[in-house]
Each structure stands twice: as structure tokens, then as C-alpha cells.
Amino acid sequence: MASRLIIYTGKGGVGKSVISSATGLKLAELGYSVLVMSSDPAHSLRDAFNISIGAEPTRVLGRLYALQVDPVYEVKKHFSDIQNYLTRVLLKRGIDEMIAYEAAFIPGATAIATLLEAEKLTSEGGYDVIVVDTVPSGEALRLLNFPQIIGRLSRKLIKTASNIVSAARIAEPLIGLPIPNKSVVESELKLIESLEKVANTLRNYDVASLRLIANPDSFSIENLKRSLLQACIYGINTDLTIINKIFHEEIKDKFFNEWKRRQNEMMEEVERAVYPIPVKKLKLYDRELRGLDMLRKCAEDLFKDDDPAKIYFKGKPIEILEHNDELTIQVNVPFTSKDKIEVERIGDELTVKINTETGELINTIPLPTATYYMKLSKARLEENRLIINFIKEDS
């Protein structure tokens, strides 16, 4: 039986490693066997648990284990043949060696390598729950769709090509570029199959959940919105949002009044942006969250009586529908058709102004790349759905 897979994502510094560690500790104390894994080069798991964490599962406490993934090793294991071939091609074209190695690096490879390891461990089912504190980047998510893009017929052609590459090497002097050897082609096939397994695991709503973490500031919240949009585009279920490092109401110093007011605005914006995904809130602590006692307190404050392994939400808060030359974005919103809306496109975002009975609210919605070549046609509210239509520029 496959493990439950929970992936925490968010901008750097929002608290992914600490919350991942606290989640793992809470789960282990509920009786689950748990592996918390990270590819963070800063070795944040070591800092959180306050013990040395290696490249093999390290027992932290009871049924809780931690693993520090070595991203360089994982990238070499999965991508070395392909990257070495690409480097040879660039060197043959006269590209400087240092630049060739940089250019041959596959975007998103580090994140993909971590997810490949997470998928393998999830499929093996050696743990009840696997908690990952890394983030699938946009490049990594696009790479996960590569098997679907090339299709099964193309894969058969690649397999056929692997049988004739030796003969094709005769033409290498005429072409002026190195021909990939059989190991490169076989590595590509193996990678495609592995990516397909990862994509299938991440899209299984009963197994995998993405959880968004943000601090109550505009930078991390914009990152959160983009992550939610990408998850919806690629069919990954986001089941929970966490707002971390909130100032206590007990702070009475006038210096913090504006900070607290702004944080309250930011939290309301997050709740509107992720609706109807549940939102949990965590206060800023008066010390670093290091060691099991502080992690235990964090977990209790965050989850209280909840089982963190539960699936908090299933669904798509944002749906993107294509039809001929039109594209429709449907967004769940905590408003009704009685409220008046104004929609304005500014670059790669939509600014939505909603006039409600309690006053004007403003929300921003990131737009998918497909809309870059389209213009806004119309927008309307239907019950709790904001429906936005785009048409191609020449339509």
C-alpha cells in the first residue's frame, strides 16, 4: 500500500522545514511511521530536530525518521547521461566549457530529483506518511508533463531509435555533432517512465497533497497564489494553507500597530485567494523553533486535535477550460452574484474589485501563460464562482 504523501511549499524563509518537522513529530506521536525528507542545502531539518541528519533515513524519535536528500547526487543519478550528452553537443559547437555545463543543466532538475526519490519511497510503502519540505518549481511541474506531451507513440520511436544509434554514429563526422549513444537513449526512456510515475502519484488526490505556507506579507502571498495556480493547472490537490509568523495581539507597542493592521489585511487576502481551501494560522514565537519540545508546541498550536494525515480538502479552487479560441477561468470566491465586480487586467494578473454590503474588497489573481496571447472578454459572478472569459487577440 502506498504511503500518504504531504508536500509543503512556499517562498524561502516562510517556515517550510519547521512546519514539516512539526507535522512529522505530531504524526509519529499519533502512531504513524513517518519520514520527513528535505533537499534544502541549508540542512534545515538538522537545525529543526537538533540532531545530525544524513542521506539515509535517520531515526529521530520512536517511529519518526528524517532524510536529507543530496540534490547533487540525485541529479547525477537521474540526469547525468542526458546532461553529459547535451554538454558534448554544446562543446562541439564551440561553447565555452563552463557555459556549456551551465546551459546543459535541466531546469527544475533538483526539484524533480527530490520528487523522484519521494515517489519511490511512497510507492514502496515503507512508511505510513512521507512529509516533504521542498517545493516543485514551475519548471519541475512542466517537466512532469513531458511523458503526456510526447505520448506513447513517440516513446516507441525512441525505443526503436535506441537499437540503431550504433549504426547512426557512422554519420557523426558528416553531421558535425555527437550522436547520442544507447545509454543516453535508455536513460531518457527511464526518466520518462519515472516522471510519469511521479505525475501519477502527485495527481492521486487520495495519496498526495500540496500544502501552501506563507507569511502575512505581500511577497510570500504572491508566491502562494502562483503555486496554487500551478497546482490547479497540473492537477495536484492543494488541501491546506498555513499562514505563519503572525504577530500576537498581546503586543501593545505602538511600533507594531501598522504591522498588525497590515498582517490582518494580508490574512484576509489569503483566505479570499485560496477559498474554499481551509486556512490555519500560526503565531510568531518568541524564540527559534528548534528541538523536539518547540516542534511539539508548534504542532499542537497548528493542528490541535486534528490528524495532520487527513485530507483537508479535495477539489480545484481554480479551473481552466479551453474551447476553440476561447479560454475560461473559473475561480471559487467567497462572494455571491449579488455583489458588484470590476475586473481589470494588469500584465500577468487580474485585479478584481468587489463591492459588497460591508465595503470594497480588492483581490489579485495570477494568470496562466496561455492568456498572454489573449485579451479579456468578460467577467461575471455566478453564485460563488467568478467566471472570466478570454479570447485570442485576433478573434
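Let me sum up the structure you'll find in this document. Here the structure is a predicted model, which is why all the values come from computation and not from measurement.

### Regarding the sheet that holds strand 15 (residues 385-392)
In step 1: Read from one edge of the open sheet, four strands run 9-10-15-14, paired in antiparallel fashion. Of all strands in the sheet, those bounded by a partner on one side alone are strand 9 (318-323) and strand 14 (374-382). For this sheet the average axis-to-axis angle between neighbouring strands, irrespective of direction, equals 20 degrees.

### A closer look at the environment of Glu29
In step 1: As for its position among the elements, Glu29 is in helix 1 (residues 16-29).
In step 2: On the basis of relative accessibility, which here comes to 42%, the residue Glu29 falls in the partly exposed class.
In step 3: Considered as a pair, Glu29 and Leu64 are 35 residues apart in the sequence and their alpha carbons are 8.5 Å apart.
In step 4: Every residue in contact with Glu29, bar those within four places of it in the chain, is listed here: Leu61 and Arg296.
In step 5: In terms of polar contacts, Glu29 uses its side chain to reach the side chain of Arg296, at 2.8 Å.

### As for the sheet that holds strand 5 (residues 129-132)
In step 1: Strand order across the open sheet formed by eight strands is 3-4-2-5-1-6-7-8, with mixed pairing between neighbours. Only two strands of the sheet have a single partner each, and these edge strands are strand 3 (58-61) and strand 8 (279-283). Within the sheet, the average angular offset between the axes of one strand and its neighbour, ignoring direction, is 25 degrees.
In step 2: Pairing geometry for strand 3 and strand 4 (residues 64-68), over three bridges, is antiparallel. Across the sheet, Arg59 pairs through a bridge with Tyr65, a residue of strand 4.
In step 3: Packed on one face of the sheet, helix 1 meets strand 1 (4-9), strand 2 (34-38), strand 3, strand 4, strand 5, strand 6 (208-214), strand 7 (238-246) and strand 8 and runs near 170 degrees to strand 2.

### Observations concerning the pairing of strand 6
The two faces of the sheet receive side chains in turn, since in a regular strand these alternate between them.
In step 1: Counting buried positions along strand 6 yields seven of seven residues, so the element is predominantly enclosed.
In step 2: Residue alternation in strand 6 divides its side chains into two sets, Ala208, Leu210, Leu212 and Ala214 and Ser209, Arg211 and Ile213, and both sets are buried.
In step 3: Bridge count for strand 6 against strand 7 is five bridges, and the pairing is parallel. The partner of Arg211 across the bridge, within strand 7, is Leu240.
In step 4: Handedness of the β-α-β unit built from strand 6, helix 11 (residues 218-233) and strand 7 comes out right-handed.

Reading the values: rules and limits
- Residues numbered from 1 in each chain as written.
- Predicted model: local features only at pLDDT ≥ 70, side-chain atom pairs only at ≥ 80, totals over all residues.
- Heavy atoms only, no water.
- Pairing = 2+ DSSP bridges.
- Helix = DSSP H or I, 4+ residues; strand = E, 2+ residues; numbered from the N terminus.
- Axes fitted to C-alpha atoms, helices over the stretch in contact; angles between N-to-C directions.
- Buried < 20%, exposed > 50% of the residue type's maximum accessible area, 1.4 Å probe, protein only.
- Contact = heavy atoms within 4.5 Å.
- Polar contact = N/O pair within 3.5 Å; in protein donor to acceptor, adjacent residues only side chain to side chain.
- Right-handed = clockwise from strand over helix to strand, strands pointing away.

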